[in-house]
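Breakdown of the fold
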Amino acid sequence: MRLNDTTDLALRVMIYAASMQDRRFTIDHLVAAYHAPRSTVMKVVNALTRGEFLTAQRGRSGGLGLARAAQEIGVGTIVRHMETDFDLVECMRSGGDCAITASCRLISPLAEARAAFLATLDSYTIADIAISPRDFGLAAS
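Below: a short report on this structure. Please read these numbers as outputs of a predicted model, since none were measured by experiment. (Residues numbered from 1 in each chain as written. Predicted model: local features only at pLDDT ≥ 70, side-chain atom pairs only at ≥ 80, totals over all residues. Heavy atoms only, no water.)

**What about the pairing of strand S1 (residues 54-57)?**
Where S1 lies against strand S2 (residues 63-66), four bridges are found, and the strand directions are antiparallel. Following the sheet pairing, Thr55 is matched in S2 by Gly65. With antiparallel pairing between neighbouring strands as the criterion, S1 and S2 make up a hairpin whose turn holds five residues, including Gly59 at a positive phi of roughly 105°. (Pairing = 2+ DSSP bridges. Helix = DSSP H or I, 4+ residues; strand = E, 2+ residues; numbered from the N terminus.)

Next comes the structure, spelled out in structure tokens:
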């Protein structure tokens, strides 16, 4: 399996958020940390905010932060929220038109692999994959 680039960035944004602990951060901080296009970071942050993984506070003392404790945010939940397509092959897609779907023996192993992939991600939280603020060149709080 391969995660799309926005899911990859979403996970990295959440790692950054966890490293900030209770400190607020901005989209510009994320752009600087990951050298990602601002428009892409904004899109990812919007998706994470809509998914209630991040909170956004406007104003002078505003910024972004985790919506809840890092140990309460599952990696698998974020991946499911960000990914739009877990249908690995044509026969798993809605309206798929493979000639051998009715007798195919590949569907079951692929579905099992997908379930195992997600189950593994479900066993980790953002707290499990968080790194130190120093890893981002930030002073520890």
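**Considerations on the nonpolar core**
Met14, Leu30, Leu48, Leu54 and Ile78 are the most contacted members of the largest nonpolar core, which has 34 residues in total. Elements with a contribution of two residues or more to this core: helix H1 (5-19), helix H2 (27-34), helix H3 (38-50), S2, helix H4 (75-82) and helix H5 (107-122). Per element, the largest residue contribution to this core is nine residues, and it comes from H1. (Core = buried A, V, L, I, M, F, W, Y, C linked by side-chain atoms within 4.5 Å. Buried < 20%, exposed > 50% of the residue type's maximum accessible area, 1.4 Å probe, protein only.)

**Comments concerning the packing of H1 against H2**
With their axes 11 Å apart at the nearest point, H1 and H2 run at an angle of 110° to one another. The pairing of H1 with H2 is recorded here as roughly perpendicular in orientation. Relative to H2, the crossing made by H1 is right-handed. For the pair H1 and H2, contact is made by Leu9, Arg12, Val13, Ile15 and Tyr16 and by His29, Leu30, Ala33 and Tyr34, respectively. Along the lines of polarity and charge, the residues of the contact of H1 with H2 split into seven nonpolar, one polar and one charged. (Axes fitted to C-alpha atoms, helices over the stretch in contact; angles between N-to-C directions. Parallel < 35°, antiparallel > 145°, perpendicular 65-115°, else oblique. Left-handed = near helix turned anticlockwise from the far one by under 90°. Contact = heavy atoms within 4.5 Å. Nonpolar A, V, L, I, M, F, W, Y, C, P; charged D, E, K, R; others polar.)

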